[in-house]
Amino acid sequence: MESQGGFPLIALCLAPVLAFGPMVLYAVFAWWFDRFEKEPLWLIAAAFLWGSVPTVLLSLCAQIPAAAVFQAALGQGAGSALSSILVAPFTEELFKGLFVFLLFLLYRREIDSLYDGFLYGSLVGFGFAATENVLYFLGAASKGGLAGMFGNFIARAIVFGLNHAAFTSLTGLGFAAARLSTSALVRLTAPILGLGGAMAFHALHNTVATLTEATQSPLVCLFWVPFDWIGALLIFAIALYGLTREQRWLRQYLREEVEAGVLPEALYRQTTSILGRIGTRWGALLRGDMTTFRRLGWIYALATELAFRKHQQAALGETRWEPEIQRLREALRQAVGPAGAG
């Protein structure tokens, strides 16, 4: 059955599912992987939605007239190619990065590590990719039917599914580095370098994609796929480094709470270990002990927040955290209780 747009009517139903399904799963995994301090769910949703709606609309408003100018000057083929290489990376990364910039200005306390910057940038990228893929899948269906749409799905959602997240995570890493540094030079240059890296990485990807489409050369494609995956894995490795730094902060600043009698040694070992947290808390869940499951989650959250605020006070000179540190310490003491959490 055909729709009036020239592609199978079923494609209208399948395209959003195929576009948003994988991106939501990728986003959930990125959020789940941050085992020490979960970011607020409303900010997680806001980052994804910013990428999927405002960024797409703003980018289209900028790209459509720019593409028309290039096509008028150079012809449709060359103009479209140049617009893809120069205009799309600049506008898309600029508007995606705007969310990270606003987060940095308004909710910088939520950026506690490099991984946080990576996470928020990735979420915006996943949201953008989801909406963009809807348009690409429908376009592929209009030319090649369902087979064309599924082929496009494999390429854009699986083979290159991490690209937009990888691009914008560089912007997030740049702002996170600025947030965590006491150097004026780093605070000034890191966001610029992060955004510039996102644009450059994006432009290089689009350049190779344009060459592949123009030449139909398998050699270009063989270069393209490993390059994208190596780049994405390298960025992920930087984010993992951010998580190891978080673990060091927990061990350093919570050791003081053990010595002060606020946190028992056994809970200290659990809180500072990813496997310890997962094994102990989910063990309680499997036993059906929801009380202990929720209590441990609250204790881990309080202890992590306390360690991060102590780090910000000590390493970044943010003395304004002292009242919050005292509040968190007392809340942790009460949550643990005199007998510990078990």
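Up top is the structure.
Residues numbered from 1 in each chain as written. Predicted model: local features only at pLDDT ≥ 70, side-chain atom pairs only at ≥ 80, totals over all residues. Heavy atoms only, no water.

Draft legend 1. Summary view of the overall build of the protein chain. Counting its secondary structure elements, the protein chain contains twelve helices and zero strands. Secondary structure of the protein chain in N-to-C order comes out as α-α-α-α-α-α-α-α-α-α-α-α. The C-alpha extent of the protein chain, read off along each of the three principal axes, is 75 × 50 × 35 Å. Residue burial in the protein chain is summarised as follows: out of 342 residues, 49% are buried. Sequence separation of at least 24 residues holds for 75% of the intrachain contacts in the protein chain that already meet a minimum separation of 6. A total accessible area of about 16,100 Å² is found for the protein chain, and carbon and sulfur atoms account for 71% of it. Across the protein chain, the 25 positively charged side chains and the 23 negatively charged ones have centroids separated by 5 Å. (Helix = DSSP H or I, 4+ residues; strand = E, 2+ residues; numbered from the N terminus. Buried < 20%, exposed > 50% of the residue type's maximum accessible area, 1.4 Å probe, protein only. Contact = heavy atoms within 4.5 Å. Areas by Shrake-Rupley, 256 points an atom, 1.4 Å probe, with all protein chains shown as cover. Lys, Arg positive; Asp, Glu negative; His and termini not counted. Charge placed at Lys NZ, Arg CZ, Asp CG, Glu CD.)

Draft legend 2. Up close: the packing of helix α5 (residues 114-159) against helix α6 (residues 163-179). At a minimum axis distance of 6 Å, the contact between α5 and α6 shows a crossing angle of 150 degrees. Considered as vectors, α5 and α6 are oriented roughly antiparallel to each other. The interaxial crossing formed by α5 with α6 has right-handed handedness. Each of Leu114, Gly117, Phe118, Gly121, Ser122, Gly125, Phe126, Phe128, Ala129 and Glu132 in α5 lies in contact with α6, whose residues at this interface are His164, Ala165, Thr168, Ser169, Gly172, Leu173, Ala176 and Ala177. For the contact of α5 with α6, the per-class residue count stands at nine nonpolar, eight polar and one charged. (Axes fitted to C-alpha atoms, helices over the stretch in contact; angles between N-to-C directions. Parallel < 35°, antiparallel > 145°, perpendicular 65-115°, else oblique. Left-handed = near helix turned anticlockwise from the far one by under 90°. Nonpolar A, V, L, I, M, F, W, Y, C, P; charged D, E, K, R; others polar.)

Draft legend 3. How the structure looks around the environment of Phe118. Along the polypeptide, Phe118 turns up in helix α5. C-alpha separation for the pair Phe118 and Ile235, spaced 117 residues apart in sequence, amounts to 8.3 Å. With sequence-adjacent residues up to four places away left out, Phe118 is seen in contact with Ser169, Gly172, Leu173, Ile235, Phe236 and Ala239.

Draft legend 4. Summary view of the nonpolar core. With 74 residues, the main nonpolar core has Tyr120, Phe137, Leu263 and Leu332 as its most contacted residues. For this core, the element with the highest residue contribution is α5, accounting for 17 residues. Setting aside chain neighbours within four positions, we find Leu263 in contact with Leu254, Glu257, Val258, Tyr268, Leu332 and Val336. (Core = buried A, V, L, I, M, F, W, Y, C linked by side-chain atoms within 4.5 Å.)

Draft legend 5. Layout of the environment of Arg251. For Arg251, the position within the fold is in helix α8 (residues 218-259). Taking relative accessible area as the criterion, Arg251 reaches 43% and is therefore assigned partly exposed. Residues Arg251 and Phe99, 152 residues apart in the sequence, show an inter-C-alpha distance of 32 Å. Setting aside residues up to four positions removed in sequence, Arg251 forms contacts with Tyr268 and Thr272.

Draft legend 6. Layout of the side chain of Asn133. As for its placement among the helices and strands, Asn133 is situated in helix α5. Residue class for Asn133 comes out buried when judged on its relative accessible area of 1%. Setting aside anything within four residues of it in sequence, one finds Asn133 in contact with Ala19, Met23, Arg156 and Ala157.

Draft legend 7. Quick peek at the packing of aromatic side chains. What the rule picks out here adds up to twelve aromatic pairs. Summarising the aromatic geometry, the rings of Tyr26 and Phe126 are spaced 5.7 Å apart at their centres and angled 40 degrees between planes, so their arrangement reads as tilted. Of this pair, Tyr26 sits in helix α1 (residues 9-33) while Phe126 sits in helix α5, placing them 100 residues apart in sequence. The buried category is assigned to Phe126, whose relative accessible area is 5%. A ring pair is formed by Trp249 and Phe308, whose centres lie 5.8 Å apart and whose planes are at 85 degrees; its orientation type is edge-to-face. Linking Trp249 in helix α8 with Phe308 in helix α11 (residues 290-315), this pair joins segments that are 59 residues apart in sequence. Residue class for Trp249 comes out buried when judged on its relative accessible area of 7%. Classification of Phe308 by relative accessible area gives buried; the value is 2%. Put simply, the rings of Phe101, Phe104 and Phe175 pair up and form one aromatic cluster. One cation-aromatic arrangement involves Arg156 over Tyr136; the distance from NZ or CZ to the ring centre is 3.8 Å. Across from the ring centre of Tyr268, 4.3 Å away, lies the NZ or CZ of Arg255, which sits over that ring. (Phe/Tyr/Trp six-rings, centres within 6.5 Å; stacked < 30°, edge-to-face > 60°. Lys NZ or Arg CZ within 6 Å of the ring centre and 35° of its normal.)

Draft legend 8. How the structure looks around the pattern of salt bridges. This model, assessed by the stated rule, comprises ten salt bridges. Its salt-bridge partner being Glu93, residue Lys96 comes within 2.9 Å of it at the nearest N-O pair. Remark: Glu93 and Lys96 occur in helix α4 (residues 76-106); sequence separation between them is three residues, near one turn of the helix. Judged by relative accessible area, Lys96 falls into the buried class, the value being 0%. (Salt bridge = Lys/Arg side-chain N within 4 Å of Asp/Glu carboxyl O.)

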